[in-house]
Amino acid sequence: MPVAVLMGLNALAQEQNNIEMADALRSSGKIYVVVAVLVLIFIGIIIYLISIDRKISKLEKETNAQPDSLHDGETGSLRSE
(Lines give C-alpha, C1' and ligand atoms only; values in the text may rest on other atoms or scores of the structure.)
Protein backbone atom coordinates (compact mmCIF):
# COMPACT_ATOMS: atom_id res chain seq x y z
CA MET A 1 0.00 0.00 0.00
CA PRO A 2 2.67 2.65 0.89
CA VAL A 3 4.61 1.78 -2.26
CA ALA A 4 1.54 2.39 -4.42
CA VAL A 5 0.95 5.76 -2.75
CA LEU A 6 4.57 6.81 -3.32
CA MET A 7 4.40 5.73 -6.96
CA GLY A 8 1.20 7.74 -7.41
CA LEU A 9 2.76 10.83 -5.86
CA ASN A 10 5.81 10.40 -8.05
CA ALA A 11 3.62 10.29 -11.17
CA LEU A 12 1.81 13.47 -10.11
CA ALA A 13 5.10 15.23 -9.42
CA GLN A 14 6.41 14.32 -12.88
CA GLU A 15 3.32 15.71 -14.59
CA GLN A 16 3.62 19.04 -12.78
CA ASN A 17 7.39 19.30 -13.38
CA ASN A 18 7.34 20.96 -16.79
CA ILE A 19 10.67 22.70 -17.36
CA GLU A 20 10.13 25.08 -20.25
CA MET A 21 13.71 26.27 -20.58
CA ALA A 22 15.09 22.73 -20.97
CA ASP A 23 12.38 21.90 -23.49
CA ALA A 24 13.15 25.06 -25.49
CA LEU A 25 16.88 24.35 -25.50
CA ARG A 26 16.28 20.75 -26.49
CA SER A 27 13.89 21.63 -29.29
CA SER A 28 16.24 24.23 -30.78
CA GLY A 29 19.31 22.01 -30.43
CA LYS A 30 21.11 24.44 -28.12
CA ILE A 31 21.15 21.90 -25.30
CA TYR A 32 24.05 20.21 -27.08
CA VAL A 33 26.03 23.45 -26.98
CA VAL A 34 25.39 23.74 -23.24
CA VAL A 35 26.46 20.14 -22.66
CA ALA A 36 29.58 20.61 -24.82
CA VAL A 37 30.62 23.72 -22.89
CA LEU A 38 30.14 21.96 -19.56
CA VAL A 39 32.17 18.96 -20.75
CA LEU A 40 34.99 21.25 -21.92
CA ILE A 41 35.02 23.05 -18.58
CA PHE A 42 35.26 19.77 -16.67
CA ILE A 43 38.00 18.47 -18.99
CA GLY A 44 39.94 21.71 -18.43
CA ILE A 45 39.61 21.39 -14.66
CA ILE A 46 40.78 17.76 -14.77
CA ILE A 47 43.80 18.63 -16.92
CA TYR A 48 44.67 21.52 -14.59
CA LEU A 49 44.44 19.30 -11.50
CA ILE A 50 46.60 16.61 -13.12
CA SER A 51 49.27 19.16 -14.04
CA ILE A 52 49.30 20.60 -10.51
CA ASP A 53 49.58 17.08 -9.08
CA ARG A 54 52.57 16.33 -11.29
CA LYS A 55 54.29 19.58 -10.30
CA ILE A 56 53.71 18.92 -6.61
CA SER A 57 55.02 15.35 -6.96
CA LYS A 58 58.12 16.65 -8.71
CA LEU A 59 58.74 19.21 -5.94
CA GLU A 60 58.23 16.55 -3.27
CA LYS A 61 60.77 14.28 -4.95
CA GLU A 62 63.27 17.14 -5.23
CA THR A 63 62.91 18.13 -1.57
CA ASN A 64 63.18 14.52 -0.38
CA ALA A 65 66.24 13.89 -2.55
CA GLN A 66 68.19 16.90 -1.28
CA PRO A 67 70.12 16.47 1.96
CA ASP A 68 69.02 18.66 4.81
CA SER A 69 72.33 20.57 4.88
CA LEU A 70 70.85 24.05 5.31
CA HIS A 71 69.24 23.31 8.66
CA ASP A 72 70.97 23.15 12.03
CA GLY A 73 70.20 19.77 13.54
CA GLU A 74 69.62 20.87 17.13
CA THR A 75 67.61 24.07 16.91
CA GLY A 76 66.05 23.68 13.49
CA SER A 77 67.05 27.21 12.49
CA LEU A 78 68.77 28.10 9.24
CA ARG A 79 72.52 28.50 9.27
CA SER A 80 73.92 31.69 7.86
CA GLU A 81 76.37 31.14 5.03
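Residues numbered from 1 in each chain as written. Predicted model: local features only at pLDDT ≥ 70, side-chain atom pairs only at ≥ 80, totals over all residues. Heavy atoms only, no water.

A.B. asks: I'd like a description of a nonpolar patch on the surface, backed by residues and values.
C.D. replies: A cluster of nonpolar residues, Val33, Val34, Val37, Leu38, Ile41, Phe42, Ile45, Tyr48 and Leu49, forms a patch on the protein surface that exposes about 860 Å² of accessible area. The residue isoleucine 41 is located in helix H3 (residues 31-65) in this model. Among the residues examined, isoleucine 41 registers a relative accessible area of 43% and is labelled partly exposed. (Patch = residues over 30% accessible without salt bridge, like charges linked within 9 Å, V, L, I, M, F, W, Y side chains within 5 Å. Areas by Shrake-Rupley, 256 points an atom, 1.4 Å probe, with all protein chains shown as cover. Salt bridge = Lys/Arg side-chain N within 4 Å of Asp/Glu carboxyl O. Helix = DSSP H or I, 4+ residues; strand = E, 2+ residues; numbered from the N terminus. Buried < 20%, exposed > 50% of the residue type's maximum accessible area, 1.4 Å probe, protein only.)

A.B. asks: A description of the environment of isoleucine 31 should follow, citing residues and the corresponding values.
C.D. replies: On the secondary structure map, isoleucine 31 appears in helix H3. Apart from the residues lying within four places of it in its own chain, the contact partners of isoleucine 31 are Leu25 and Arg26. (Contact = heavy atoms within 4.5 Å.)

A.B. asks: Can you break down the environment of serine 27 residue by residue, with the values?
C.D. replies: Mapping serine 27 onto the fold places it in helix H2 (residues 20-28). Classification of serine 27 by relative accessible area gives exposed; the value is 65%. Separated by 3.0 Å, the side chain of serine 27 and the backbone oxygen of alanine 24 make a polar contact. (Polar contact = N/O pair within 3.5 Å; in protein donor to acceptor, adjacent residues only side chain to side chain.)

From the geometry alone we can't say anything about function, so treat these as descriptive.
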